[in-house]
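Examining the three-dimensional arrangement
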Amino acid sequence: MALWIKDPLAIFADGAERGVVVKDGRIAELVPAGREPSTPNVKTFDAGEYVVLPGLINTHHHFYQTLTRAVPAALDRELFPWLQALYPIWARLTPEAIDLAATLAMAELILSGCTTTTDHHYVFPAGSEDGVDIEVAAARRLGLRVLLTRGSMNLSQRDGGLPPDSVVQDEDAILADSERVVARYHEVGEGAMVQIALAPCSPFSVTTSLMRATADLAKRLDVRMHTHLAETEDENRFCLELYKCRPLDYLEDCGWLNERTWLAHGVHFNDGEIKRLARAGTTVAHCACSNQTLASGTCPVCAMEDAGMRIGLGVDGAASNDSSNLMQEVRAAFLLQRSHYGVKKVSHKDALRWATKGSAACVGRTDIGEIAVGRMADLALFKLDELRFSGSGDPLAALVLCGAHRADRVMVGGRWIVEHGELPGIDLADLIRRHSAASRRLRGG
Ligand SMILES: [Zn+2]
């Protein structure tokens, strides 16, 4: 049966003034002004109270960090000392804590209008080696589309890196497990619900040997690659000192400067480096809230797009945001980039485009990120019935400018996973209670 999402208040798509028809999990038809659907046997969903967006796509996160939000010892610190305050807590992660963190982070994302998320899970303490497996199970329970990454760290303090010895693994174990999770979970082709990518953490926590071996393995398995790069000035200094080059030169030397790679942050690239990234087809996950919280700098998003790069949005880990609300991230990116580039250069539609079509490029997909015929039916529907929207004119602009934060309905692959602002089958109060208890245990030691 086809479903006509009829006569929305506004929709982020051209030629769909009367809505869209969803059939077999995809967008089957856009219905322009003054027309009726041509698809036969359509049921109708009255969307008169809704603003309809393509489902938002989150391109950078660390679910486990929801357990360590606003940790006193990490407050008011920049990236390196912030990490050093948190590593010892993360070293105590358990399988139960990872499950609760992944479930809570994804619930938060979905309720903010997210239909596809990535996660960069790179902490595998003894006993919690199956972190990715736990996340896959949680994503399937929630019905969220995911690109989960098998992250890694193998350069500890002993060898000149930043993390303590207790949170790193050796290269052979990392590569073997990377191959295992790809073989077990990675789906290929349009409509995939679970995909896997490989994601060494950063230049200051991973050896050159592992970076190169990961690039070779990703190529052989035909999966995407992800890492943090050019986040802070500290990282520049670290690379110059240890590798005698800037982070992007290091990335290229490791075989990572290509279209398979999407990078978190990209704050400190210069003009020449942006041109090289654009030529290579490498994409960037812009994390506006995290960059502001850690005072890392401002990602030059418009310069990157002008050079031909594609940019997505990421909420980043919940210890540096500290929320997993992707709709609020759209607003944060809009405000940050507008203040940086001016009103002529950045509109609310640009910010929405980064979180949808731009993010789709980061995760390497052409079947999501847009409301267009043939794309997967991944949609986020927002009502404008809160105090914050009252008196607004343009409904689409109101979402970004007035600060929308909660979707009333979310559809993934033609199936509603949020109805009336709720996740069916998930007891949020119980989840918060168990997640908070896990967080207290972790922080208390
Ligand atoms: Zn991150």
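All figures in this text were calculated on a predicted structure; none of them were measured in a lab. (Residues numbered from 1 in each chain as written. Predicted model: local features only at pLDDT ≥ 70, side-chain atom pairs only at ≥ 80, totals over all residues. Heavy atoms only, no water.)

**Observations regarding the overall build of the protein**
Helix and strand content of the protein: 14 helices and 17 strands. Over its C-alpha trace the protein gives a radius of gyration of 21 Å, about what one expects of a compact globule, namely 22 Å for 445 residues. For the protein, the spread of C-alpha atoms along the principal axes amounts to about 70 × 50 × 45 Å. The buried share among the 445 residues of the protein stands at 61%. For the protein, the proportion of contacts with a sequence separation of at least 24, taken over those separated by at least 6, is 74%. When the accessible surface of the protein is split by element, carbon and sulfur atoms take 49% of a total near 16700 Å². For the protein, the separation between the mean place of its 47 positive charges and that of its 57 negative charges on side chains is 2 Å. (Helix = DSSP H or I, 4+ residues; strand = E, 2+ residues; numbered from the N terminus. Rg over C-alpha atoms; globule rule 2.2 N^0.38 Å. Buried < 20%, exposed > 50% of the residue type's maximum accessible area, 1.4 Å probe, protein only. Contact = heavy atoms within 4.5 Å. Areas by Shrake-Rupley, 256 points an atom, 1.4 Å probe, with all protein chains shown as cover. Lys, Arg positive; Asp, Glu negative; His and termini not counted. Charge placed at Lys NZ, Arg CZ, Asp CG, Glu CD.)

**Focus: the packing of aromatic side chains**
Throughout the structure, instances matching the rule amount to 10 aromatic pairs. Ring geometry for Phe45 against Tyr50: centres 5.7 Å apart, planes inclined by 35 degrees, an arrangement best described as tilted. Residue classification places Tyr50 among the buried positions, given a relative accessible area of 5%. Seen in terms of ring centroids, Tyr87 and Trp90 are 6.0 Å apart; in terms of plane orientation they differ by 85 degrees. Their pairing is edge-to-face. With Tyr87 and Trp90 both in helix α1 (residues 79-90), this residue pair falls three residues apart, about one helical turn. Across the pair, exposure class does not vary: Tyr87 and Trp90 are buried alike. Through a chain of ring-to-ring contacts, the aromatic side chains of Tyr64, Trp82, Tyr87, Trp90 and Tyr122 assemble into a single cluster. The cationic tip of Arg150 hangs over the ring face of Phe124; the distance from NZ or CZ to the ring centre is 3.8 Å. (Phe/Tyr/Trp six-rings, centres within 6.5 Å; stacked < 30°, edge-to-face > 60°. Lys NZ or Arg CZ within 6 Å of the ring centre and 35° of its normal.)

**Structural notes on the packing of helix α4 (residues 171-185) against helix α5 (residues 208-221)**
Relative orientation of the contacting elements α4 and α5 amounts to 20 degrees, with a least axis distance of 11 Å. Judged on the interaxial angle alone, α5 and α4 are roughly parallel. As α4 runs across α5, the sense of the crossing is right-handed. From α4, Glu171, Ile174, Leu175, Ser178, Glu179 and Val182 reach across to α5, where they touch Ser209, Leu210, Ala213, Thr214, Leu217, Arg220 and Leu221. Split into classes, the residues belonging to the contact of α4 with α5 amount to seven nonpolar, three polar and three charged. (Axes fitted to C-alpha atoms, helices over the stretch in contact; angles between N-to-C directions. Parallel < 35°, antiparallel > 145°, perpendicular 65-115°, else oblique. Left-handed = near helix turned anticlockwise from the far one by under 90°. Nonpolar A, V, L, I, M, F, W, Y, C, P; charged D, E, K, R; others polar.)

**As for the state of the cysteines**
Applying the stated criterion to the full structure yields zero disulfides. In this structure Cys114 is a free cysteine whose sulfur lies 13 Å from that of Cys287, the closest cysteine sulfur available. Cys254 carries a free sulfur, and the closest cysteine sulfur to it, the one in Cys245, is 8.3 Å from it. Residue Cys254 is classed as buried on the basis of its relative accessible area, which comes to 3%. (Disulfide = S-S within 2.5 Å.)

**Let's talk about the coordination of the zinc ion**
Tetrahedral metal sites with four donors have an ideal angle of 109.5 degrees; octahedral sites with six donors have ideal angles of 90 or 180 degrees. Taken together, the protein ligands of the zinc ion are His60 (NE2), His62 (NE2), His228 (NE2) and Asp316 (OD), with distances of 2.1 to 2.4 Å. Note that the zinc ion binds four donor atoms; their angles at the metal cover 86 to 172 degrees, and the shape is irregular. Donor residues for the zinc ion sit on one chain with the sequence pattern H-x1-H-x165-H-x87-D. Note that His62 is positioned in the loop between β7 (56-58) and α1 and His228 in strand β11 (residues 225-229), a separation of 166 residues in sequence. His228 matches His62 in its accessibility class, with the two residues each being buried. (Donors = N, O, S within 2.8 Å, 3.2 Å for Na, K, Ca; no water. Tetrahedral: all angles 85-135°; square planar, octahedral: opposite > 155°, others 65-115°.)

**What to know about the pattern of salt bridges**
The final tally for this structure, using the stated rule, is 29 salt bridges. A salt bridge links Asp7 to Arg18, with the shortest nitrogen-to-oxygen separation between them at 2.8 Å. With Asp7 in the loop between β1 (2-6) and β2 (10-11) and Arg18 in the loop between β2 and β3 (19-23), this pair connects stretches of sequence that are 11 residues apart. Taking relative accessible area as the criterion, Asp7 reaches 30% and is therefore assigned partly exposed. Between Asp177 and Arg150 there is a salt bridge; the shortest N-O distance is 3.0 Å. Residue Asp177 is found in helix α4, and its partner Arg150 is found in strand β9 (residues 145-152); the two are separated by 27 residues along the sequence. On the basis of relative accessibility, which here comes to 12%, the residue Asp177 falls in the buried class. (Salt bridge = Lys/Arg side-chain N within 4 Å of Asp/Glu carboxyl O.)

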